[in-house]
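Understanding the architecture of this molecule
If you want the building blocks of each chain, they are given just below.
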Amino acid sequence: MNIRKLLLAAFAYSLLSGGLAVGEINVIPRPAQIVRNIASGSIPLGTSHVIVCTDAALGRVYADTLFEWTGLRLAVHPTAATATDRPVIVVDSASRAADTHVSHPEGYALEVAADGSVRIEASARAGAFYALQTLVQLIAQDAALPVVSIHDSPRFKWRGMHLDEGRHFFGPVAVKRMIDSMALYKLNILHWHLTEDQGWRIEIKKYPKLTQIGSWRANSPTPGDRNKPDGVPYGGYYTQDEIREIVAYARQRGITIIPEIEIPGHAAAAIASYPELGNTDIESYAPKVMERWGVHPYTFAPKEKTFRFLQDVFDEVCALFPDSPYIHIGGDEAPKKQWEKSAFAQKVIRENNLKDEMELQSWFLARIEKHINARGRRIIGWDEIQEGGLSPTATMMVWRNWKWALLALEKGNDIIMTPTSHCYLDYAESIESLPDDPYYEHVDNNLTKRTPRQVPLEKIYQLEPVPEGTPPDREKQVIGCQANLWSEYLFDWNRAEYNLYPRLFAMAEVAWSPKAARDWNSFQQRLPSALRHLDQIKANYRRPDGLPARAR
Ligand code: ACM
């Protein structure tokens, strides 16, 4: 093609694609390799297309998903021989192609030929599923396929989103909406924070009071006036049937749910349900489900009764989450005041030759870890788990100081990067542009504070999960990264979506795309298409001017 034709094609394409750079495609996260044949333009997807897939269930997923996005119901054939001569979408989910992307279990190749035929190769179902997510994003704008060759696989195996349901309970419909969105953007881990001082959200058959008592609080802080109780009892929890259903729903979309049960702190709701599990020998002992945000003093007592209780709880949790190789045991923000004052806790420290309450915490966690390991699972904990000695077999989630990342890497532990500086979606994108409405209150609402906590979209986009100073041979211990949706000020799901989007898209690209493919300008060009999809599914999000896309 001569240069004039090339420029014309590029110009036509930039008009069509609403300003995308030449060679770019509207896909988040940005694929590892894209070769775009701009001169061939785009080919409309039509009912003339036939899906060819030997895996009938996968073929149905393709047909149903394409129907959802385009309204076109495409026929599915098991083999090319039975297909017609119409353009085909061939899905080969057991490809043995030597390509490094295709041979990755989550990777794929997607080729669109000039006649509109599509060839998808993946070595496993996960890769074929991700190819479908790329395909629907490609056709989202105008139900047309660009002529393109994509080879893609993830940078990290842990591409996480966390959801705190302890402070607010959103329910199955909301969680499934979040799972749908995560799948579309190739996130694969939902870290489900199910227990808190302010509410216990998971049914445990052996301990019914956890939900009868622990899932309810008498009051919550008033939106816009956090020191004033609102006078409204608040509660909710997931039944075991609901949990099993959500776990299966996530599995079908390539997502593993990692449950978190907080020990030894953030445990007031559990201790309010079964007061004998706390430090009963301290003065003014009066546990209740907490009604204010912040860190609270109630910790589990290090007694045999507590360990029996927790082992039973974790047994039920392991059974409910059969896919999860990990169980998250929390470990963060456990004040040591009650253990300092408890004669019983002090006796445990002495009898076990522990130095202090920090070592008591590690001793406490080690007992639970042993139990969880015996059930074939590994533990994850927040970075406080290294304070009294880090278990060599634990995975650590770095949220406070990056120095803990280097310490854990040096010891040989795996880590997941989720630092407050880049990954805390409870922080506003910008405090200055918040809507003038108490419903949009954030943890830091106050501009007079010198360094209010904020995570702009660009900040999360610029996260480099491998900490500076990581020795090259330790890089593989950084198994991924995650954004956290803490819910103190997320009063309902509409409000949660305002904090979630568009930052979820940035996290998806950080976690999936190779470092070299990440580009803030390119991301901004691809963003409008993702926002349009949020409009279509009637999701809320933060618009670039700070206002919500949807009224509450
Ligand atoms: C945390 O934010 N407390 C892990």
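Here goes a summary of the coordinates provided. (Residues numbered from 1 in each chain as written. Predicted model: local features only at pLDDT ≥ 70, side-chain atom pairs only at ≥ 80, totals over all residues. Heavy atoms only, no water.)

A closer look at the environment of histidine 371
We count it as follows: Each helix is a run of H or I in the DSSP string that is no shorter than four residues. Each strand is a run of E no shorter than two, and both are numbered from the N terminus. Only protein chains enter the calculation, and the probe is 1.4 Å; a residue is then buried if its accessible area is under 20% of its type maximum, exposed if over 50%, and partly exposed in between. Residue contacts follow a heavy-atom distance rule, with two residues in contact if any of their heavy atoms lie within 4.5 Å.
Topologically, histidine 371 is positioned in helix H12 (residues 357–374). For histidine 371, a relative accessible area of 12% puts it in the buried group. Remark: the alpha-carbon pair of histidine 371 and leucine 409, spanning 38 residues in sequence, is separated by 25 Å. Among residues more than four places away in sequence, those in contact with histidine 371 are Gln311 and Asp315.

Notes on the packing of aromatic side chains
Here is the rule: Here the aromatic set is Phe, Tyr and Trp, taking the six-membered ring for Trp, and pairing holds for ring centres within 6.5 Å; pairs whose planes are under 30 degrees apart are stacked, those over 60 apart are edge-to-face, and all others are tilted. Over a ring means this: the NZ of a Lys or the CZ of an Arg is within 6 Å of the ring centre and within 35 degrees of the ring normal.
Summed over the entire model, instances satisfying the criterion amount to 27 aromatic pairs. An angle of 80 degrees between the planes, with centres 5.8 Å apart, marks the rings of phenylalanine 307 and tryptophan 363 as edge-to-face. A residue pair is termed long-range when its members are at least 10 positions apart, and phenylalanine 307 in helix H9 (residues 304–320) and tryptophan 363 in helix H12 qualify at 56 residues. No difference in accessibility class separates phenylalanine 307 from tryptophan 363, as the two residues are buried. Aromatic rings pair up to connect Trp382, Trp399, Tyr424, Tyr427 and Trp486 into one cluster. Just above the ring of tyrosine 249 sits the side chain of arginine 253; from NZ or CZ to the centre is 3.5 Å. Over the ring of tyrosine 461 we find arginine 518, and its NZ or CZ is 5.8 Å from the ring centre.

With respect to helix H2 (residues 56–70)
The periodicity of an α-helix, 3.6 residues per turn, causes residues three or four places apart in sequence to face the same way. The cut-off we apply is this: Each residue after the first adds 1.5 Å to the expected span of a helix. Two N or O atoms count as a polar contact when they lie within 3.5 Å, although within protein this holds only if one can serve as hydrogen donor and the other as acceptor, and sequence-adjacent residues are included solely when both atoms are side-chain atoms.
Over its 15 residues, H2 runs 21 Å from end to end, which matches the ideal 21 Å to within 8%, given 1.5 Å per residue. Inspection of H2 places Leu58, Gly59, Tyr62, Ala63, Thr65 and Leu66 among the buried residues, and these make up the whole buried set. The inward-facing, buried residues of H2 contact strand S3 (50–53), strand S4 (75–77), strand S5 (88–92), strand S7 (118–121) and helix H4 (125–139). The backbone nitrogen of alanine 57 lies 3.2 Å from a side-chain oxygen of the residue at the head of H2, namely aspartate 55. A positive backbone phi angle near 80 degrees is found at glycine 71, which sits one or two residues after H2.

Comments concerning the sheet that holds strand S10 (residues 158–164)
What counts, and what does not: Note on pairing: two strands pair once DSSP finds at least 2 bridges between them. Axis definition: a line fitted to C-alpha atoms, limited for helices to the stretch in contact. Angles are taken between N-to-C directions and run from 0 to 180 degrees.
One closed barrel holds the 8 strands; their spatial order is S10-S11-S18-S19-S20-S21-S22-S23, and the pairing between them is parallel. Recorded for the sheet is a direction-independent mean angle of 30 degrees between the axes of neighbouring strands. Sheet topology places strand S19 (residues 326–330) next to strand S20 (residues 378–382); 3 bridges connect them, and they run parallel. Residue tyrosine 326 lies in a different strand from S20, and its bridge partner there is arginine 378. Of the strands in this sheet, strand S18 (256–263) and S19 are in contact with H9, which crosses S18 at around 170 degrees.

Here we look at the pattern of salt bridges
We count it as follows: Salt bridge, as used here: a side-chain nitrogen of Lys or Arg that lies within 4 Å of a carboxyl oxygen of Asp or Glu.
Tallied over the entire structure, the rule returns 32 salt bridges. Note that glutamate 196 and arginine 167 form a salt bridge whose closest N and O atoms lie 3.5 Å from each other. Of this pair, glutamate 196 sits in strand S12 (residues 195–196) while arginine 167 sits in the loop between S10 and helix H5 (172–184), and the two are 29 residues apart along the sequence. Its relative accessible area of 1% is what places glutamate 196 among the buried residues. A salt bridge links arginine 542 to glutamate 429, with the shortest nitrogen-to-oxygen separation between them at 3.3 Å. Of this pair, arginine 542 sits in the segment after helix H18 (520–536) while glutamate 429 sits in the loop between helix H14 (420–423) and helix H15 (457–461), and the two are 113 residues apart along the sequence. Of the two residues, arginine 542 and glutamate 429, neither departs from the other in class, the shared state being buried.

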